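This is what each chain is made of:
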Amino acid sequence: MLRFVLKRILIALPTLLIVSILVFGLQKLLPGDPVLALAGEERDPETLARLRELYRLNDPIWMQYLHWLGDVLKGDLGMSLRTNQPVLVLIAEKLPVTLQLATMSMIFAMVIGIPAGILAATRKNSWIDWICNVVALSGLSIPNFWLGIMLILLVSVNLGWLPASGYESFFVDPVRSLQTMLMPSFVLGTALAATLMRHTRSAMLGVLSSDYIRTARAKGLPGRVVVLGHAFRNAVLPVITLSALLFGELIGGAVLTEQIFTIPGFGKLTVDAVFNRDYAVVQGIVLCIAAGFLVMNLIADILYAVFNPRLRTEL
Amino acid sequence: MTAPLLSVRDLTTAFRTPEGWREVVKGVSFNVAPGETVAIVGESGSGKSVTSMSIMRLLDPVNARIGGAVTLEGRDLLSLPEEDMRHIRGKDIAMIFQEPMTSLNPAYTVGRQIGEVLRHHDGAGRAEARAATAALMERVRIPNAAARLDDYPHQFSGGMRQRVMIAMALAARPKLLIADEPTTALDVTIQGEILELLKELQEESGMGMLFITHDMGVVAEIADRTVVMYRGDCVETGTTRKIFSRGDHPYTRALLAAMPRIGSMAGEAWPLRFDRVDTATGSIEPQGPVADTVDRSATPVLSVKNLVTRFNVGSDLFGRSTGAVHAVENVSFDLHQGETLSLVGESGCGKSTTGRSILRLIEATSGDIQLDGFDVRALGPGDLMRMRRTAQMIFQDPYSSLNPRMTVGQTVAEPMIRHRLAGRGEARRRAAALLERVGLSPAMLDRYPHEFSGGQRQRVAIARVLGLNPKVIVADESVSALDVSIKAQVVNLLMDLQEERKIAFLFISHDMAVVERISHRVAVMYLGEIVEIGPRAAVFGAPQHPYTKRLLEAVPVPDPARRHHRLTVAPEELKSPVRPRGFTPPPRHYREAAAGHLVMETH
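Cut-off values and rules
- Residues numbered from 1 in each chain as written.
- Chains lettered and ligands numbered in written order.
- Predicted model: local features only at pLDDT ≥ 70, side-chain atom pairs only at ≥ 80, totals over all residues.
- Helix = DSSP H or I, 4+ residues; strand = E, 2+ residues; numbered from the N terminus.
- Rg over C-alpha atoms; globule rule 2.2 N^0.38 Å.
- Buried ≥ 20, exposed ≤ 12 C-beta atoms within 10 Å, placed from the backbone.
- Contact = placed C-beta atoms within 7 Å.
- Pairing = 2+ DSSP bridges.
- Axes fitted to C-alpha atoms, helices over the stretch in contact; angles between N-to-C directions.
- Left-handed = near helix turned anticlockwise from the far one by under 90°.
- pLDDT = per-residue confidence, 0-100.

Peer 1: I keep staring at the overall build of chain B and nothing clicks. Help me out?
Peer 2: Scanning chain B for helices and strands turns up 19 helices and 25 strands. Against the compact-globule benchmark of 25 Å for 603 residues, chain B has a radius of gyration of 25 Å, which places it among compact chains. In terms of its C-alpha atoms, chain B occupies a principal-axis envelope of roughly 70 × 60 × 50 Å. For chain B, with 603 residues in total, the buried portion stands at 50%.

Encoded structure:
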């Protein structure tokens, strides 16, 4: 098992390296000379040369890349051009917010989507299946921002149960933190729940018609054990992959939802950075999201091996 | 006569279809006494499996309607509430199925899956169930049982998995065991072992056994009484001896007549067509003899020398393989025009890989393949295409080897168009003629594969291949999935085509009785190597290699008077052709037992 995990990590590393090359290259492809931009009005050739020397712009491009990569590995992602704060600090500020939002959304999605999918599959073509499908379809088709606004109107403005916006760190005031996050994560979670439900349903349908489920029923096992023990255990694999991918997407930020609930997360940071041409920040975010995706994939792979004994011995 | 354990009266099962309820089992009645084995025999679509699923009430109640009466020791099963029925399943009536590969849950250890039965039905605790499970696995003679409790199904061979299934079925000491084609998916030597085991366990426990099969040989081997089913009807019930010696119903006689019998070819020089049997009327029509089609003076149309195909397996941290499957190891043979050479052996012996390597569907590791002037292993893409015109393949499963979205006409015409042998219109005309040649109607051109039966689909697959006018056809288990009567017809068709077009067949099969009928020469493969090769009469009449002998002995004979009473040898896991990296196979020597009859020396 340890060998398996090690191997997966080894496979993930080159991917991360390729991402870093892309991110670095992106910046080089941008139009305009950064030195000219930095120097401002002053076009003194000597100053320009000094700046070029300082930023190692005279080195061959691969040398520049290696220096940049070395800095990144040391945790130095450069400075924000706008705020003059280290990019790492900016990201470190927003990441916990986004992680909390993503985790809570995912919990909503799984708690609603997976049981609904199982239920729909075991009651295929019944009214339960029908209702689950209709609700899922609506969940997919209702835009997040609309649902968010409606929820704010109903729950916050009319009923006054939950704060309409804002953010509080979980470690400062956990109750308040959960209260502020409840609605946004519900809004994000319902849309994902619909996707998860559809996938759980189809995976379960496939497994339920398999020979070993017939065996389990012929053994006289109770329906609960057959469905949750024997069937779900095998249907869970595609659901894991999907959940990991969805979670990775959530790390990228939910721009609209964050905007509506004024949550200071990754989404907002990204939009601001892009509009301000704050390239160092954009670079840092892209790297961070890519790493997040890879970590989620790694977790999915490991869970796969946990649930699928065949992988453990074959790989 | 003792009171029946299971009594089935007028069982009628119907399935919901868009056109309304369709009866697939129509008023079937039979009894099973304690300690008795009753076989239900019939071809696909006869309703035999549905009968067993109806007894267990495992069919979806929304889509299936069961009528009649099923009583187990006087209890009416059909009227029991589902919860009570659940306590009967696995406890009073246990079941084993055809596919040991897919019938076990891949995500749980076998120990857990067997123990589950004990825990649910006997209320056994964890430790208690574990100890009892080990004992059960011992009882079905899984070698080293205690150490294998925590292994997963994929770590067992097919035969061992079926033993696990049997252990699971026996766990709660059922009164009745329903075995639905339990040996059909297994190799013939393994089949013998499993049948032996079932008989023994039945003697020990005195349970009744309902045995569902399409194989008359297996019926003769195991059943006290036999129920013959045909299209949902029970056409005949009686003692197995009586059914085999003087069946009343024409279908029973037809079924028996169509069954290829090993040893029936003694004294025949050439392959022999099967008698034409009409399952509806029971009429049996002998077919004409086959002309001698082989010309041994010419150069062989296919010549294989020292063929080796290996697949790397496993990988260490650096991605290097840790070993290799030696699927085909140093295989050599010639095939002449108009000749049928059969490659026989059990699953994993490399016979299919050999066929695929020859057509370059798989790249061989080394060796030399000369096919009608082509040096197969050195061909570039263009020549490879031309080579495939000469040599074609027919696969086992006629359900998955035809594209469901192409009409039969398109399927048959496609190779001719791709190989630029004909334009669209001409190809369609030729396709119509080919369909007629293989015994289908040209009017079927625009139908889709799902509208055809298995046998008809296999005819379509043959027609598709014939369009290219190949000299060599590799037939990989091409008739194995077909019912006996259909199988005989398709084999006859292959012989007709050989006579007419001098086609050479490489006939890959595990079915020894069919092989005896169709072959000029036979090669027996074991763990990737040919252990014996020679004329059919020599290999079947005077087998030399111990493996060949074992293979031939294991084939069940459809004659209840000749039941095998073999000594049971301890079962062994099939030896594996996986070798560690850097393994060099030992040199092999063959001795010539008779003219053209080569046998690998055993040490």
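Peer 1: Any chance you could explain the overall build of chain A here in plain terms?
Peer 2: For chain A, the helix and strand inventory stands at 14 helices and zero strands. Along chain A, helices and strands appear, N-terminal first, in the series α-α-α-α-α-α-α-α-α-α-α-α-α-α. Projected onto its principal axes, the C-alpha positions of chain A cover 85 × 60 × 35 Å. Relative to its 315 residues, chain A shows a buried fraction of 33%.

Peer 1: What's the story with the interface of chain A and chain B in this structure? I'm lost.
Peer 2: One frequently used descriptor of interface size is the decrease in accessible area upon assembly of the parts. Each partner contributes residues to the interface: chain A has 20 residues there, and chain B has 24 residues. Elements with a contribution of two residues or more to the side of chain A that touches chain B: α9 (211-218), α10 (223-251) and α14 (309-314) of chain A. The greatest single-element share of the side of chain A that touches chain B, amounting to seven residues, is contributed by α9 of chain A.

Peer 1: Please explain the pairing of strand β21 (residues 521-526) of chain B as it appears in this structure.
Peer 2: Moving residue by residue along a regular strand, the side chains alternate between the two faces of the sheet. Residue and element names in this part refer to chain B. Counting buried residues along β21, six of its six residues qualify, which places the element largely inside the surrounding structure. The two faces of β21 match: Arg-521, Ala-523 and Met-525 on one face and Val-522, Val-524 and Tyr-526 on the other face are all buried. With six bridges connecting them, β21 and strand β22 (residues 529-535) associate as antiparallel partners. Following the sheet pairing, Val-524 is matched in β22 by Glu-532. Two successive antiparallel strands, β21 and β22, enclose a turn made up of two residues, where Leu-527 displays a positive phi of approximately 50 degrees.

Peer 1: Any chance you could explain helix α13 (residues 408-418) of chain B here in plain terms?
Peer 2: Owing to its 3.6 residues per turn, the α-helix brings residues three or four apart onto one side. All names here are of chain B. Of all the positions in α13, only Val-408, Thr-411, Val-412, Ala-413, Pro-415 and Met-416 are classed as buried. Considering only its buried residues, α13 is in contact with α14 (424-437) and α15 (454-466). Looking at the residues trailing α13, positive phi occurs at Arg-420, about 55 degrees.

Peer 1: Sorry, what's going on with the packing of helix α5 (residues 87-122) of chain A against helix α8 (residues 174-208) of chain A here?
Peer 2: The description of two helices packed together rests on the angle between their axes and the distance between the axes. Two numbers describe how α5 of chain A lies on α8 of chain A: the axes approach to 5 Å, and their chain directions differ by 35 degrees. The two elements α5 of chain A and α8 of chain A meet at a crossing, and its hand is right-handed.

Peer 1: For this particular structure, what's the right way to read the environment of Arg-65 of chain B?
Peer 2: Structurally, Arg-65 of chain B can be placed in strand β4 (residues 64-72). For Arg-65 of chain B and Arg-16 of chain B, which are 49 residues apart along the polypeptide, the C-alpha to C-alpha distance reads 8.1 Å.

Peer 1: Help me understand the sheet that holds strand β25 (residues 597-600) of chain B in this model?
Peer 2: In a beta sheet, neighbouring strands pair by backbone hydrogen bonds and run either parallel or antiparallel. Residue and element names in this part refer to chain B. Read across the sheet, eight strands follow the order β18-β19-β20-β15-β21-β22-β25-β24 without closing on themselves; strand pairing throughout is mixed. At either end of the open sheet lies a strand with only one pairing partner, and these are β18 (391-394) and β24 (590-594). Adjacent strand axes in the sheet meet at a mean angle of 20 degrees, parallel and antiparallel pairs treated alike. Of the pairings in the sheet, the one linking β24 to β25 comprises four bridges and is antiparallel in character. Its bridge partner lying in β25, Ala-594 is registered against His-597. Against the sheet, helix α19 (residues 546-554) makes contact with β21 and β22, and its axis sits at roughly 105 degrees relative to β21, the strand it touches most.

Peer 1: What's the story with unusual backbone geometry in this structure? I'm lost.
Peer 2: Residues and elements named next belong to chain B. Of note in the backbone geometry, Glu-73 takes a positive phi value of approximately 50 degrees without being a glycine. Here Glu-73 is to be found in the loop between β4 and β5 (75-76). Assessed through the 13 C-beta atoms surrounding it within 10 Å, Glu-73 is described here as partly exposed. Positive phi is not limited to glycine here, since Asn-330 has a value of about 55 degrees. Here Asn-330 is to be found in strand β14 (residues 323-335).

Peer 1: Hey, could you run me through the sheet that holds strand β8 (residues 208-213) of chain B in this one?
Peer 2: All names here are of chain B. Taken together, six strands build an open sheet; the order of strands is β6-β7-β8-β3-β9-β10 and the sheet is mixed. Either end of the sheet is taken by a strand with one partner, and the two such strands are β6 (93-96) and β10 (233-239). Ignoring strand direction, the axes of neighbouring strands in this sheet form an average angle of 15 degrees. By the bridge criterion, five bridges tie strand β3 (residues 37-41) to β8 in an arrangement that is parallel. Across the sheet, the residue bridging to Val-38 is Leu-210, located in β8. Contacts between helix α6 (residues 158-170) and the sheet are confined to β6 and β7 (176-180), with β6 contributing the most and set at about 175 degrees to the helix.

Peer 1: In this structure, what is going on with the environment of Met-1 of chain A? I would like to understand it.
Peer 2: All names here are of chain A. Structurally, Met-1 is set in the segment before α1 (2-29). We classify Met-1 as exposed; it has 9 C-beta atoms within 10 Å. Remark: the alpha-carbon pair of Met-1 and Ile-18, spanning 17 residues in sequence, is separated by 27 Å.

Peer 1: Would you mind going over the packing of α5 of chain A against α10 of chain A with me for this structure?
Peer 2: All names here are of chain A. Running from amino to carboxyl end, α5 crosses α10 at an angle of 145 degrees, the nearest separation of the two axes being 10 Å. Seen along the crossing, α5 lies across α10 with a hand that is right-handed. Contacts between α5 and α10 pair Thr-98, Ala-102, Ser-105, Met-106, Ala-109, Met-110, Ile-114, Ile-118 and Thr-122 from the former with Val-227, Phe-232, Val-239, Ser-243, Leu-246, Phe-247, Leu-250 and Ile-251 from the latter.

Peer 1: What is the right way to read the confidence of the model for chain B from this model?
Peer 2: Interpreting fine coordinate detail is not advised for predicted regions of low pLDDT. All names here are of chain B. For chain B, the average pLDDT comes to 88, and 97% of its residues sit at 70 or higher. Within chain B, strand β12 (residues 284-285) has the poorest average pLDDT of any element, 78, and strand β15 (residues 340-344) the best, 95. The complex model carries a pTM of 0.82, and its ipTM stands at 0.80.

Peer 1: Would you mind showing me how to read the environment of Tyr-448 of chain B here?
Peer 2: Inspection of the secondary structure puts Tyr-448 of chain B in the loop between α14 and α15. Separated by 43 residues in sequence, Tyr-448 of chain B and Arg-405 of chain B have C-alpha atoms that sit 7.1 Å apart.

Peer 1: In this structure, what is going on with the pairing of β3 of chain B? I would like to understand it.
Peer 2: Residues and elements named next belong to chain B. Across the five residues of β3, five count as buried, placing the element largely inside the fold. Pairing analysis gives four bridges linking β3 to strand β9 (residues 225-230), with the strands arranged parallel. Paired with Ile-40 across the bridge in β9 is Val-227.

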